[in-house]
Amino acid sequence: MPRGQKRYVWRCINRLEHGTRVCRCSATMEEPELQAAVAAAMNERFQQQTAWQALTDCVTAALAGTGNAALSLPAAEVRLKALQECQMELLQMAAGMRTTLSSTRRSAE
């Protein structure tokens, strides 16, 4: 940024009030970096909420499908396999979110 132009930065309040003698390691954060970090955190929360909703829908569908109490063993095995596949999909989705978040953090640094 050219000299003489204002820019918005964030600093530790201890550094502002007492200088670097109290807070030696406090970083100065540029406003756009902080905004990107907040947006990434909000996106992660939204994705977690979406994954939680998918899990809730899967469990609800599984419980709704077992209307009869006398479920045969082969039918139970088929249902268990379907639920395990659903679980794997959700785990892969969660792993993808974690990978996306860590790459977002690395690119922000």
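Whatever comes next refers back to the structure up there.
Every value quoted in this text rests on a predicted model; they were computed, and no experiment measured them.

(A) Layout of the overall build of the protein chain. Of regular secondary structure, the protein chain possesses three helices and two strands. Scanning the protein chain from its N terminus toward the C terminus, one meets helices and strands in the order β-α-β-α-α. Across the 109 residues in the protein chain, those meeting the buried criterion constitute 9%. Across the protein chain, contacts joining residues at least 24 apart in sequence account for 35% of those joining residues at least 6 apart. Put simply, the protein chain shows about 9,200 Å² of open surface, and 58% of that area lies on carbon and sulfur atoms.

(B) How the structure looks around a nonpolar patch on the surface. A cluster of nonpolar side chains, namely Trp52, Leu55, Val59 and Leu63, defines an oily patch on the protein surface of about 430 Å² accessible area. On the secondary structure map, Leu63 appears in helix H2 (residues 31–64). Among the residues examined, Leu63 registers a relative accessible area of 62% and is labelled exposed.

(C) Examining the environment of Trp52 more closely. Within the element layout of this structure, Trp52 appears in helix H2. The sequence separation of Trp52 and Leu90 amounts to 38 residues, and the corresponding C-alpha distance is 9.0 Å.

(D) Inspection of the pattern of salt bridges at higher detail. Taken as a whole, this structure holds two salt bridges when the rule is applied. One salt bridge connects Glu30 with Arg7, and the closest N-O pair in it is separated by 2.3 Å. Taken together, the residues Glu30 in strand E2 (residues 29–30) and Arg7 in the segment before strand E1 (9–10) connect sequence positions 23 residues apart. Of the residues examined, Arg7 reaches a relative accessible area of 45% and is grouped as partly exposed. The shortest N-O distance in the salt bridge between Glu85 and Lys81 comes to 4.0 Å. With Glu85 and Lys81 both in helix H3 (residues 73–108), this residue pair falls four residues apart, about one helical turn. With a relative accessible area of 43%, Glu85 lands in the partly exposed category. Assessed through its relative accessible area of 52%, Lys81 is described here as exposed.

Reading the values: rules and limits
Residues numbered from 1 in each chain as written. Predicted model: local features only at pLDDT ≥ 70, side-chain atom pairs only at ≥ 80, totals over all residues. Heavy atoms only, no water. Helix = DSSP H or I, 4+ residues; strand = E, 2+ residues; numbered from the N terminus. Buried < 20%, exposed > 50% of the residue type's maximum accessible area, 1.4 Å probe, protein only. Contact = heavy atoms within 4.5 Å. Areas by Shrake-Rupley, 256 points an atom, 1.4 Å probe, with all protein chains shown as cover. Patch = residues over 30% accessible without salt bridge, like charges linked within 9 Å, V, L, I, M, F, W, Y side chains within 5 Å. Salt bridge = Lys/Arg side-chain N within 4 Å of Asp/Glu carboxyl O.

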